[in-house]
Amino acid sequence: MKNKRYHKGVLVRTCKKCKKIIDEKSLYDYCPECFEKIQDIFDKIEEYLKEYPGATAFEIEQETGVPYHIVNNFVREGRLIEIPNEYLNFECKRCGRLLLSAHHKYCPSCRKEIEEELASVKKQLRGSLNGGNAKMHIRHKEGRRK
Ligand SMILES: [Zn+2]
Ligand SMILES: [Zn+2]
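In this report, the structure presented in the accompanying data block is examined. (Residues numbered from 1 in each chain as written. Chains lettered and ligands numbered in written order. Predicted model: local features only at pLDDT ≥ 70, side-chain atom pairs only at ≥ 80, totals over all residues. Heavy atoms only, no water.)

### Some details on the pattern of salt bridges
- As enumerated under the stated definition, the model contains 8 salt bridges in all.
- A salt bridge links Lys16 to Glu77, with the nearest nitrogen and oxygen atoms 3.4 Å apart. Of this pair, Lys16 sits in the loop between β2 (10-14) and β3 (21-22) while Glu77 sits in helix α3 (residues 68-77), placing them 61 residues apart in sequence.
- By relative accessible area, Glu77 is classed as partly exposed at 30%.
- Through salt bridges with shared partners, a single ionic network connects Arg94, Glu113 and Glu117. (Salt bridge = Lys/Arg side-chain N within 4 Å of Asp/Glu carboxyl O. Helix = DSSP H or I, 4+ residues; strand = E, 2+ residues; numbered from the N terminus. Buried < 20%, exposed > 50% of the residue type's maximum accessible area, 1.4 Å probe, protein only.)

Below is the structure:
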């Protein structure tokens, strides 16, 4: 069986990550400390997937910072399920970086730049429209009333 080794002549179960000896009856393949760390990472992924269902491992890495191979580990452990994505934006429409995302057209750094550009354009517009937001009324010509 996996994750077992002989310790003083006895076959013991070990943490998959740090190789520390763990309780034979443990529900998990990790020691409590490692399990907690892994759970934190999993929560991050889960949260992201709630917002963006069907995100690819690659996208998860870009968006949450959780390395691709860790995401794939969860797949191997059966905690995440892979489904083929039909509609993927393969690359960032702005800088061409590999994206593999079903949700985003731009990579995170381009999105940030675009946001900043938009914000500055809005600011400029607001400046140039100073006073231009008053309601317009047609002035009736004198003498034409009644
Ligand atoms: Zn451990
Ligand atoms: Zn980009």
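Following the structure, the description resumes.
### Let's talk about the coordination of the zinc ion (ligand 2)
- Only Cys92 (SG), Cys95 (SG), Cys107 (SG) and Cys110 (SG) from the protein coordinate the zinc ion (ligand 2), and they sit 2.3 Å from it.
- One way to put it: the 4 donor atoms around the zinc ion (ligand 2) meet at angles of 104 to 117°, and that makes the site tetrahedral.
- Taking the relative accessible area as the measure of exposure, Cys95 reaches 45% and is therefore partly exposed. (Donors = N, O, S within 2.8 Å, 3.2 Å for Na, K, Ca; no water. Tetrahedral: all angles 85-135°; square planar, octahedral: opposite > 155°, others 65-115°.)

### Focus on the coordination of the zinc ion (ligand 1)
- Distances from the zinc ion (ligand 1) to its protein donors, namely Cys15 (SG), Cys18 (SG), Cys31 (SG) and Cys34 (SG), fall within the range 2.2 to 2.3 Å.
- With 4 donor atoms in place around the zinc ion (ligand 1) and angles of 102 to 117° between them, the coordination shape is tetrahedral.
- Read in sequence order, the donor residues for the zinc ion (ligand 1) give the motif C-x2-C-x12-C-x2-C. Taken as a pair, Cys31 and Cys34 share a single burial class, namely buried.

### Focus on the environment of Tyr68
- In this structure, Tyr68 sits in helix α3.
- Residues Tyr68 and Ser120, spaced 52 residues apart in sequence, show a C-alpha to C-alpha distance of 34 Å.

### Let's talk about the side chain of Arg13
- By the secondary structure assignment, Arg13 is in strand β2.
- Note on Arg13: relative accessible area 11%, which makes it buried.
- In terms of polar contacts, Arg13 uses its side chain to reach the backbone carbonyl oxygen of Glu24, at 2.9 Å.
- A distance of 3.1 Å separates polar atoms of two side chains, one belonging to Arg13 and the other to Asp29.
- Ignoring sequence-local partners within four residues, the contact set of Arg13 consists of Asn3, Lys4, Lys20, Ile21, Ile22, Asp23, Glu24, Lys25, Ser26, Tyr28 and Asp29. (Polar contact = N/O pair within 3.5 Å; in protein donor to acceptor, adjacent residues only side chain to side chain. Contact = heavy atoms within 4.5 Å.)

### Considering the side chain of Thr56
- Looking at the secondary structure, you find Thr56 in the loop between α1 (32-51) and α2 (57-64).
- Here Leu100 takes part through its backbone oxygen, which lies 2.4 Å from a polar atom of the side chain of Thr56.
- For Thr56, the contacting residues outside a window of four places in its chain are Asn85, Leu88 and Leu100.

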